[in-house]
Structure formats: C-alpha cells, structure tokens
Amino acid sequence: MIDNTQTETELERQAPKETERFDVAIIGAGPAGMSAALGAARANLNVLLIEKALPGGETSTACKISNYIGFPKGILGEDLGKRMEDQLNDYPTITHVCESVTDILNISDKEKIIKTSLDSEYKCQAIIFALGLEPKRLDTNFERQFLGRGVSYYARGDVEFHHEEDVMVIGGGNCACYAADYLSNFVNKVYMVHSKDHLRAVKSIKQSVETNPKIDIFWDSKVSEVFGIDRVEKAKVENTVNSQHTWLDVKGIFVYVGRIPPEDIISVEIDTDEDGFIITDEFMRTNIPGIYAAGDIRSKQVRQIATAVSDGMIASINVERDFFR
Ligand SMILES: Cc1cc2nc3c(=O)[nH]c(=O)nc-3n(C[C@H](O)[C@H](O)[C@H](O)COP(=O)(O)OP(=O)(O)OC[C@H]3O[C@@H](n4cnc5c(N)ncnc54)[C@H](O)[C@@H]3O)c2cc1C
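What counts and what doesn't
Residues numbered from 1 in each chain as written. Predicted model: local features only at pLDDT ≥ 70, side-chain atom pairs only at ≥ 80, totals over all residues. Helix = DSSP H or I, 4+ residues; strand = E, 2+ residues; numbered from the N terminus. Buried ≥ 20, exposed ≤ 12 C-beta atoms within 10 Å, placed from the backbone. Pairing = 2+ DSSP bridges. Axes fitted to C-alpha atoms, helices over the stretch in contact; angles between N-to-C directions. Contact = placed C-beta atoms within 7 Å. Near = placed C-beta within 6 Å. Nonpolar A, V, L, I, M, F, W, Y, C, P; charged D, E, K, R; others polar. Domains from an automatic or database assignment.

1. Thoughts on unusual backbone geometry
Next, step 1: In this structure, Asp 139 takes a positive phi of about 65° despite not being glycine.
Next, step 2: Within the secondary structure, Asp 139 sits in the loop between strand E9 (134-135) and helix H4 (141-146).
Next, step 3: Of note, the phi angle at Ser 243 is positive, near 65°, even though the residue is not glycine.
Next, step 4: Structurally, the position occupied by Ser 243 is in the loop between strand E15 (234-239) and strand E16 (245-248).
Next, step 5: When the 7 C-beta atoms within 10 Å are taken as the criterion, Ser 243 is described as exposed.

2. Thoughts on the sheet that holds E16
Strand pairing in a sheet takes place through backbone hydrogen bonds and is either antiparallel or parallel in direction.
Next, step 1: Taking strand neighbours across the sheet as the criterion, the three strands line up as E14-E15-E16 in an open arrangement whose pairing is antiparallel. With partners counted over all chains shown, the strands left at the sheet margins are strand E14 (221-227) and E16, one partner each. Looking at each pair of strands side by side, their axes are set apart by 25° on average, direction ignored.
Next, step 2: Pairing analysis gives six bridges linking E14 to E15, with the strands arranged antiparallel. Residue pairing for E15: Lys 222 is matched across the bridge by Glu 238.

3. Description of the sheet that holds strand E10 (residues 151-152)
Next, step 1: Here five strands make up an open sheet; going across it, the order is E10-E17-E11-E12-E13 and the pairing parallel. This sheet does not close on itself; its edge strands, each paired only once, are E10 and strand E13 (215-218).
Next, step 2: Against the sheet, helix H6 (residues 174-183) engages strand E11 (166-170), strand E12 (189-193), E13 and strand E17 (252-255), with an angle of about 170° to E11.

4. Focus on the site of the ligand
Next, step 1: Close to the ligand lie 37 residues, the nearest being Gly 28, Gly 30, Gly 57, Gly 132 and Gly 295.
Next, step 2: If you list the elements that add at least two residues to the shell around the ligand, you get helix H2 (31-42), strand E2 (47-51), H6 and helix H8 (305-323).
Next, step 3: Here the residues of the shell around the ligand sort into 21 nonpolar, eleven polar and five charged.
Next, step 4: Formed jointly, the shell around the ligand draws a minimum of three residues from each of two domains, domain 1 (8-133 + 261-323) and domain 2 (136-255).

5. Here's the deal with the domain arrangement of the chain
Next, step 1: Under the domain assignment used here, the chain contains domain 1 (8-133 + 261-323) and domain 2 (136-255).
Next, step 2: Inter-centroid distance (C-alpha atoms) of domain 1 to domain 2 is 32 Å.

6. A look at the pairing of strand E8 (residues 121-129)
The side chains of a regular strand alternate, first on one face of the sheet and then on the other.
Next, step 1: Of all nine residues in E8, seven are buried, a share of seventy percent or more.
Next, step 2: Two strands pair when backbone bridges link them, and strand E1 (residues 21-27) and E8 are joined in this way by six bridges, in the parallel orientation. Looking at E8, one finds that Arg 21 is bridged to Lys 123.
Next, step 3: The pairing of strand E7 (residues 111-116) with E8 spans four bridges and is antiparallel. In the sheet register, Ile 114 faces E8, and the bridge partner there is Tyr 122.
Next, step 4: Following E7, the chain reverses through four residues before pairing antiparallel with E8; Asp 119 in that reversal takes a positive phi of roughly 65°.
Next, step 5: Sheet analysis places E8 next to strand E19 (residues 291-293), joined by three bridges and oriented parallel. Counterpart to Ile 128 in the pairing with E19 is Tyr 292.

See below:
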C-alpha cells in the first residue's frame, strides 16, 4: 500500500505496468473494496485496487464505530480503516494505485479496460465496483458561496477549524446525528437544523443527541440565509410551520442531508434502481457479465460497514467462481 514513508523507488516498484492485465480490478478502497481485495487475494487472484483518496472510505470520516463486531469498546473510524489496510499488506498480489477511475470499457465478458484521471489504462477480466456514496448537496447559494469557508460535508476533517466555536449541522438522519455528537466534543455549541419534527436515526445515537446539553435542535426548520464577509458568520434559521426565524452566530455549517451514488463515472450500461444505486443479485453480479458491485453503492436495505464488508467478500468469491475455476 502507498504511504508517506515509502521511498520513490518503492513506489516505482509498486507501480503497475500499463499493459499488465489483472484478474480483477476493484474500484474503491473502503470496507467493501478492501474486503473484496482480501477475498480475491486469498483466492490467489492478481488484484488491482484503485482508490482516488486514502484507503478507508467513509469509515475514515466516521467518528467512533460501536456497531462493528470484534471491538467491544468501539473503535475510531480512522483506526478501523487503517487496520483493514494493514491486513492487505500481507498480500503481494494486491497492487494499489491512487487514481480516480473515469471510465470503463466493456470489451467482452472477459475483458474490460479501466481508464483513470491520470490517463492510465488497466486491463482486467472482472471489475468490482465499491465506490460508495457522495454527500448530497442541498443545492443552495450558501453552499456554493461558502464551501471550504465555513460550509463542509465532513465533520471529522473540518472540526479542527471550529474548536470552541458555535457550529450548525443540517440534517436529522444517522450521519447528521453522528456528526453533531462528534462535533460536540470539540466545539462550544452545536445547533441542529432539521426539516422534520423527529430525528430519523437509530435509538442509541438519537438518545445521545437529544440528551446532549451542547446540542440544540431546531425542528421543522431550514436555513434560509447565510451571511459572512469572507467566511460564514451567521445563519438564519426559519421555522417552516410558524415562519418564525432566528439568526445564529455560527462559524461552521455541516451539511448532512443524505448520501447519493456518484452520478457520471460509469458510462457502461449498468442497471440501477430509480435512485441510482446499482442493482445486483445475491452473488453481487450486475447485469453485465464480469462486473460486480459491493457496499453502499448497491441497491439494498442496510448501508453499514458490516454489510459493505460482507458484500465485498461475496463479490470476490463469485469473481473467482465465475471466471477462475
Ligand atoms: C459520518 C458517517 C458515520 C458513519 N458511521 C458508521 C458507523 O458508526 N457504523 C457503520 O457501520 N457505518 C457507519 N457509516 C457508514 C459506513 O461508513 C459505510 O456504510 C461504509 O463505509 C460503506 O463502505 P463502502 O466501501 O461501500 O464505501 P466507502 O466507504 O464510501 O468507500 C468507497 C471508496 O471508493 C472511492 N472512490 C469513489 N469513487 C472513486 C473513483 N472514481 N475512483 C477511485 N476510487 C473511488 C472513495 O474515495 C472511497 O474511498 C458512517 C458513514 C458516515 C458518512
């Protein structure tokens, strides 16, 4: 795996030759992708693992993870991601590249070509999509105006800019609750602004948010205006039932209104559901022979680390069964 301590020579040695053909290419090194890589490597397949950012995926942006079996006291998302990455280091048949996949050519059932943002082309027999999701935007003017200057989609990454300040979280689902709870450990006050009159989160995190003295919740509300010269300075919260409004002196606004599948990277004709999630069978096969999907990107009921890890392992087992037996 690539890390900052490696020398240039080590990185060069790891860099795949562009003509090299892989048994399976896995796109995304979150829990689904890393689990798939482990399964494929254990089946002696020659694996290409492509990740556009750091390995770990959304697990690394999560705060404390308490629902993943094997860690009775919970584990920081970042630490869990690192442990998964470390486990792959024992398998020399996994080649990791840090690139963003931009296109896929389905040449035949047994030949695919992957194109990346660095103009690389990789040939492989099968592909596992483990791309995860992206934060959903509210599509407001204030997001466009203040993104990176107070508006953020990643509490864990951007909390450092707001120590002891007042901040806002927009949303009321699991991720919004996790984010508010996490932020409350570092900031002065968290205001949650939620469009409904109840939180849509699992009981434990919901209770923790509702009883946290550092979190105030504005129900049935939306942010209608944000003011700031260079950065966010205050936000206007409007109650959609009684039209009353309040200006809050917040320096950070964290938007957690859902996560959606990436829209335009997949030009192959892959079947998705009405919300854009990839449809697979129970073997993680998509409608295209040789293309599998695993993790949050799949059309499914529960999106968690445990289900992503399960999907990844199932996908790799079936790649091996379908193509290499
Ligand atoms: C704030 C937050 C808190 C959470 N807390 C919990 C929790 O406590 N417990 C729990 O079980 N789950 C939690 N989750 C959900 C959990 O993180 C996800 O279900 C899980 O990470 C999904 O794994 P994945 O591998 O499918 O996707 P991801 O983890 O999203 O990984 C996908 C990877 O693909 C990469 N990628 C995307 N596009 C490309 C491309 N074009 N080229 C190359 N690479 C690409 C991304 O960079 C990313 O690393 C949380 C999520 C969030 C956002």
